[in-house]
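# Structure at a glance
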Amino acid sequence: MTATDAPVPEQPAAQPPAKGGYRYYVLAILILVYMLNFLDRQIIGILAAPLKAHFGMSDTQFGLLGGIAFASVYSTLAIPLAWLADRFSRVWIMTAALAVWSGFTALCGVAGSFTQLFLFRMGVGVGEAGGVAPAYSLIADYFPPEQRARALAAFAFGIPLGTAAGTLIGGLVAVAYGWQTAFIAVGLLGLLVAPVLLFTVRNPKRGATDVAKAVDPLADPVPAAPGSARAGLRAAQIMLVLGAAALLAAAVSHFTGGTSTLLFAFGGLLAIAIGASLFVARSTASVLIPKRSFWLLALGAASSSVCGYGVAGWLPLFMMRSFGLTLGQTSWYYSGVALIGGLLGIWGGGMIADKLARRGKGAYPLVPAIAFLISAPCFVLAMNSPWLIGQFISGGGTQMQQLSLAFVIFLIPTGLNLAWLGPITAAVQHLAPAPMRSTASALFLLINNLLGLAVGFFYFGWMSDLLRPQFGDESLRWAIYTGMGFYILAAFLLIGASRTLKKDWVD
């Protein structure tokens, strides 16, 4: 570990972890904050129709707005903010992050152009970058190893709670008062919660719930694999060089009248931001980069997130186009799917993985892998409920019967799609020592969100526009079909991680 980025004592002094009811209170507050995180992140999905109509956006443009605008800054800034969280008060960092993303969400309600809305969504990403990795670290220090997967699964309840709340509140407020008011209302809610987080949650001692081990005082506190001590620095240098090359290409394109100037410029700036983040986190990156388990877990989660984020963002619009639902009806319908399916899937994934892990650590990635293999066909069946019910009822049944059947089937893949959160995030916590957990989580989230969120949201919009000449308003349905292959890829990657995790595990 280098002296320049080695973790140092946080300020103010950390408190020992409380036992009993207080740690569950802390978990509840963190769940609330995570719920607001996803509420502000996912509200844009239910507002797709009014936003597209107001700004005249194509599906591809909306995909850029929902994915790349948010994910580009969210993913890259998460690493330096997590680096700070490994050194200073995690609660202060999360409070500031909550205030920033809530403020920018409210500003989305006053956007007067697509460009302004794009920039405000980037602002939401800036704030949310500091809201997740520090929370993972806090939970790991409040709950012992044998309870972490379930605690992290409970924390992940914020995802279905936030998605459901964003869908329901956003849709109903938009119907009654307009999409602008929906953004402003949910943004102000987060600003009210920020002081509660700051003044009622204490910073526990780092590693306080870990199993005590004898340590050689002369040994390197974070030994890396042979030849890997500079892996993080090399990765940072590679990204900085790629970024500089892309910016040079942008300059050449601009002066020669090329059409790819903005693409090269954005890619170059993104690569430089990633390189700078990796440089800041080079010690933690040097620990993680040589571990096959890290790459298999991160890429497996990212592959599933292409569908997870993409489908969650586009299903409301699909339901309006292909099921014939209004905005208000879609708000109630999809919020129910997200809430019930998500809660059951997340809790079940964490509980099953915790129990199976007693037989071997490979259970942490293996449980989600099986879930993904089941999810893909279930999504296809749910989207084709008229055909499915027609196999049993002549004429395909009534619309109510079709929607009821689709609702029940949607619960299965919605739950299974989120079953990875508790097990995988718990496993990532054990790929690096306790002082590096926030940064390790941020490196994992960099890959997961940059590929999953940015690519997923954009992919389905781009594919929908590509298929529109052939399928018309049903193009989004076929775009979602093509994305199911990412679940299969995710399953194979996580199966691979189940075979390497024991070797890379850090107690």
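Residues numbered from 1 in each chain as written. Predicted model: local features only at pLDDT ≥ 70, side-chain atom pairs only at ≥ 80, totals over all residues. Heavy atoms only, no water.

### A word on the overall build of the protein
Note the cut-off: Numbering of helices and strands runs from the N terminus, with a helix taken as a DSSP run of H or I at least four residues long and a strand as a DSSP run of E at least two residues long. The globule rule is 2.2 Å times the number of residues to the power 0.38, and the radius of gyration it is compared with is taken over C-alpha atoms. With a 1.4 Å probe rolled over the protein chains alone, any residue whose accessible area is under 20% of its type maximum counts as buried; one over 50% counts as exposed, and the rest are partly exposed. Two residues qualify as a contact provided that any one of their heavy atoms is within 4.5 Å of a heavy atom in the partner residue. Areas reported here follow the Shrake-Rupley algorithm with a probe of radius 1.4 Å; residue values treat only the protein chains shown as occluding.
Secondary structure summary: the protein contains 21 helices and 0 strands in total. Against the compact-globule benchmark of 23 Å for 507 residues, the protein has a radius of gyration of 22 Å, which places it among compact chains. Within the span of the protein, comprising 507 residues, buried residues form 58% of the whole. Within the protein, contacts between residues separated by at least 24 positions form 85% of all contacts whose residues are at least 6 apart in sequence. Here the protein has roughly 19700 Å² of accessible surface; of this, 71% comes from carbon and sulfur atoms.

### Quick word on a nonpolar patch on the surface
Convention followed: By definition, no residue in a patch forms a salt bridge, and every one has over 30% relative accessible area; like charges are joined within 9 Å, nonpolar side chains (Val, Leu, Ile, Met, Phe, Trp, Tyr) within 5 Å. The working definition used for a salt bridge is a side-chain nitrogen of Lys or Arg within 4 Å of a carboxyl oxygen of Asp or Glu.
Taken together, the side chains of L366, I370, L373, I374, I412, I488 and F492 present a nonpolar region at the surface, about 610 Å² in accessible area. At the level of elements, helix 15 (363–383) and helix 21 (485–504) are the ones that each hand at least two residues to the nonpolar patch. The greatest single-element share of the nonpolar patch, amounting to 4 residues, is contributed by helix 15.

### Here we look at the pattern of salt bridges
Pairing is possible between side chains of opposite charge, provided their charged atoms come close. Under the definition given, this model contains 7 salt bridges. With a shortest N-O distance of 2.8 Å, R90 and D141 are connected by a salt bridge. With R90 in helix 4 (residues 90–108) and D141 in helix 6 (residues 133–142), this pair connects stretches of sequence that are 51 residues apart. Look at D141 and you get buried, because its relative accessible area is 2%. In the salt-bridge network here, residues are joined through shared partners; they are K52, D59, R321, R468 and D473.

### Considerations on the side chain of E128
Assignment of secondary structure puts E128 in helix 5 (residues 114–128). Not counting chain neighbours up to four residues away, the residues in contact with E128 comprise N37, D40, R41, F70, Y74 and W101.

### Notes on the environment of S305
Quick note on the threshold: Between N or O atoms, a polar contact is any pair within 3.5 Å; within protein, one atom must be a potential hydrogen donor and the other a potential acceptor, and residues adjacent in sequence are included only when both atoms are from side chains.
Looking at the element boundaries, S305 is found in helix 13 (residues 292–322). Using a relative accessible area of 4% as the deciding quantity, one classes S305 as buried. For the pair S305 and Y487, spaced 182 residues apart in the sequence, the C-alpha separation amounts to 8.7 Å. If sequence neighbours within four positions are ignored, S305 has contacts with G310, W420, N448 and G452. Among the polar contacts listed, one links the side chain of S305 to the side chain of N448, at a separation of 2.8 Å.

### Here we look at the side chain of H430
Its place among the elements puts H430 in the loop between helix 18 (421–429) and helix 19 (437–471). Residues in contact with H430, not counting those within four places in the same chain, are P145, R148, R437, D504, W505, V506 and D507.

### Comments concerning the packing of aromatic side chains
Formally: Planes of paired rings set the category: under 30 degrees apart is stacked, over 60 is edge-to-face and the rest tilted, where pairs are Phe, Tyr or Trp rings (Trp by its six-membered ring) whose centres lie within 6.5 Å.
Going through the model one piece at a time under the given rule, you end up with 27 aromatic pairs. On the numbers, 6.3 Å between centres and 50 degrees between planes, the contact of Y459 with W462 is tilted. In this pair, Y459 and W462 are both assigned in helix 19, 3 residues apart and thus about one turn of the helix distant. W462 gets classed as partly exposed once you look at its relative accessible area, which sits at 37%. Three or more aromatic residues link up through ring pairs in this structure, and these residues are Y34, F38, Y136, F155 and Y309.

### Details of the confidence of the model for the protein
Just so we agree on the cut-off: The quantity called pLDDT is the predictor's confidence in a given residue, expressed from 0 to 100.
On average, residues of the protein carry a pLDDT of 85, and 91% of them reach 70 or more. Segment residues 1–17 is flagged for pLDDT under 50; beyond a separation of four residues in sequence, or across chains, it makes 50 contacts in the model.

### Quick look at the state of the cysteines
This is how the line gets drawn: Criterion for a disulfide: a pair of cysteine sulfur atoms at a distance within 2.5 Å.
For the structure shown, the criterion picks out 0 disulfides. Counting only cysteine sulfurs, C378 is the nearest neighbor of C307, a cysteine outside any disulfide, at a range of 13 Å. Relative accessible area serves as the criterion here: at 0%, C307 is assigned to the buried category.

### Observations concerning the nonpolar core
Basically, it comes down to this: Residues enter a nonpolar core if they are buried and are Ala, Val, Leu, Ile, Met, Phe, Trp, Tyr or Cys, with the set joined through side-chain atoms within 4.5 Å.
L51 and F410 are the most contacted members of the largest nonpolar core, which has 150 residues in total. Setting aside chain neighbours within four positions, we find F410 in contact with L315, M319, F323, Y333, V337, F379, A382 and M383.

### Notes on the packing of helix 4 against helix 6
Spelled out, the test is: Only the stretch in contact is used when fitting a helix axis, every axis being a line fitted to C-alpha atoms; angles between N-to-C directions are given from 0 to 180 degrees. Crossings are sorted by hand: turned counterclockwise from the far helix by less than a right angle, the near helix makes the crossing left-handed, and turned clockwise it makes it right-handed. Side-chain classes follow a simple rule in which Ala, Val, Leu, Ile, Met, Phe, Trp, Tyr, Cys and Pro form the nonpolar group, Asp, Glu, Lys and Arg form the charged group, and the remainder, Gly included, forms the polar group.
Two elements in contact, helix 4 and helix 6, have axes whose closest approach is 9 Å; the angle formed by their N-to-C orientations is 145 degrees. Remark: the crossing between helix 4 and helix 6 carries left-handed chirality. Contacts between helix 4 and helix 6 involve R90, V91, I93 and M94 on the former and, on the latter, P134, A135, S137, L138 and D141. Class assignment for the residues of the contact of helix 4 with helix 6 results in 6 nonpolar, 1 polar and 2 charged.

### Focus on the environment of T256
Locating T256 in the fold gives a position in the loop between helix 10 (231–255) and helix 11 (261–280). Residue classification places T256 among the exposed residues on the basis of a relative accessible area of 60%.

### Considering helix 9 (residues 179–200)
Let me state the cut-off plainly: In this analysis, the expected span of each helix is defined as 1.5 Å times one less than the number of residues it contains.
Here helix 9 is 22 residues long and its end C-alpha atoms lie 33 Å apart, about the 32 Å a rise of 1.5 Å per residue gives. When we look at burial in helix 9, the residues that qualify are W179, A182, F183, V186, G187, G190, V193, A194, L197 and L198. Looking at the buried positions of helix 9, the neighbouring elements they touch are helix 1 (21–46), helix 2 (48–55), helix 4 and helix 8 (158–177).

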